[in-house]
Amino acid sequence: MGKIDFVIAWVDSSDSKWLTEKQKFEEKTDIYVGKDDANADCRYRNDGLLKYWFRSIERFVPWVNKIHFVTCGQKPDWLNENNTRINLVNHEDYIPSKYLPTFCSRTIELNFHRISGLSEKFVYFNDDMFLLQPVKEDFFFKSGNPVLDTNLRYTNKVGYNNWSRVLFNDYCVVNKSFDISNSIWNNRKKWFSVKDLGWKRALINFICYLANKTLPVSIYGHVASPHLKSTLQELWEKCPDIMEQTSMHKFRTDNQVNQWLLCAWNQAKGLFYPAREVRLGRCYSISPNNVEEICNAIINQSFPQICINDSKNNTTYDYCMEKIAKAFESLFPDKSEFEKDF
């Protein structure tokens, strides 16, 4: 199987120095980042749950090789930075200086291959993604390839929001770079696998292939993503303009690509193992209407992994997060090796 590293990116949005610098660059940009759906405050908000992420890693994935903790130089005061499995990574350590400072997650993600010592196989977590069950290496990588949601449907509507517009950019890059019809057919045992996808998904994939013959970049599940470092390197070699364009922006914009391009690129090359999204986990957008369901899912460990997605429309954030934190505390009451023993 080989070594598998985890990468997690985090920001402390309450840091006054960081806020001052962010506001300085907001004033220089032509988008009103405070209101834009791509750059609302919720994109940066520290949910206070990071210690539970580390506790879940200790309990459920003792096999992980290294944890690359990526920040702009920040770190929580409770983090045991002397733990030999933690690699503290400052943006300045791996992102070229011409792209810094950055407040764009896409810049941070698309330069991960530059992290010193990063393994070929790695799993990328946002700080709102948590494991709830023990998983083995083959949950993320199987037969040497990333395990990816395998779904041949039409692309999301272009223009709906920044997210859909960026996915369309991903779609354009991958479909211009490969003969997708041949690629899918040559990997038909994966795309149309009844064993791995179930008969319904396999049939839908086949019908979509006959009707469309393109590879949509629609959804890979808003959960932790398995990647290959060599894929990132190849994208910078084969598509330098869009990678450069994405990285040059200080904030999210419409003319970028994101990390799901890696997933689509690997599928176009046949470097994937097929799976259904439901197998991989569940994403919730926090609201008072579903907070009890979220808490029950955590306590009952209902899914292998869960994403607790913030929203700019969430006016009851503090109430919801207090309940969610209590649920995590009930599941992970003990400190992990990654926390200081005060």
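See the structure above.
A quick note: this is a predicted structure, and the numbers were derived from the prediction, not measured.

(A) Quick peek at the overall build of the chain. Summing up its helical and strand segments, the chain has 14 helices and 11 strands in all. With the principal axes as the frame, the chain shows a C-alpha extent of 60 × 45 × 40 Å. Taken across its 342 residues, the chain has 56% of its residues classed as buried. For the chain, the proportion of contacts with a sequence separation of at least 24, taken over those separated by at least 6, is 78%.

(B) How the structure looks around the sheet that holds strand E8 (residues 225-228). Read across the open sheet, the five strands follow the order E3-E2-E1-E4-E8; overall the sheet is mixed. At either end of the open sheet lies a strand with only one pairing partner, and these are strand E3 (86-90) and E8. Sheet twist, expressed as the mean angle between neighbouring strand axes with direction ignored, is 25°. Packing against the sheet, helix H9 (residues 229-238) makes contact with strand E4 (121-125) and E8, and its axis sits at approximately 65° to E8.

(C) Main features of the sheet that holds strand E9 (residues 273-275). The mixed open sheet is built from three strands, whose spatial order is E6-E7-E9. Every other strand in the sheet has two partners, leaving strand E6 (141-142) and E9 as the edge strands with one partner each. Bridging between E6 and strand E7 (residues 145-149) involves two bridges; their strand directions are antiparallel. Paired with lysine 142 across the strands is asparagine 145, a residue of E7.

(D) The pairing of E4, seen in detail. Counting buried positions over the five residues of E4 gives five, a clear majority of the element. The alternating pattern of E4 places Lys121, Val123 and Phe125 and Phe122 and Tyr124 on opposite faces, both of which are buried. Relative to E4, strand E1 (residues 4-9) is paired through five bridges, and the arrangement is parallel. The residue of E4 that forms the bridge with phenylalanine 6 is valine 123. Note: E4 against E8, four bridges, orientation antiparallel. If you follow phenylalanine 122 over to E8, its bridge partner there is histidine 227.

What counts, and where the lines are drawn
- Residues numbered from 1 in each chain as written.
- Predicted model: local features only at pLDDT ≥ 70, side-chain atom pairs only at ≥ 80, totals over all residues.
- Heavy atoms only, no water.
- Helix = DSSP H or I, 4+ residues; strand = E, 2+ residues; numbered from the N terminus.
- Buried < 20%, exposed > 50% of the residue type's maximum accessible area, 1.4 Å probe, protein only.
- Contact = heavy atoms within 4.5 Å.
- Pairing = 2+ DSSP bridges.
- Axes fitted to C-alpha atoms, helices over the stretch in contact; angles between N-to-C directions.

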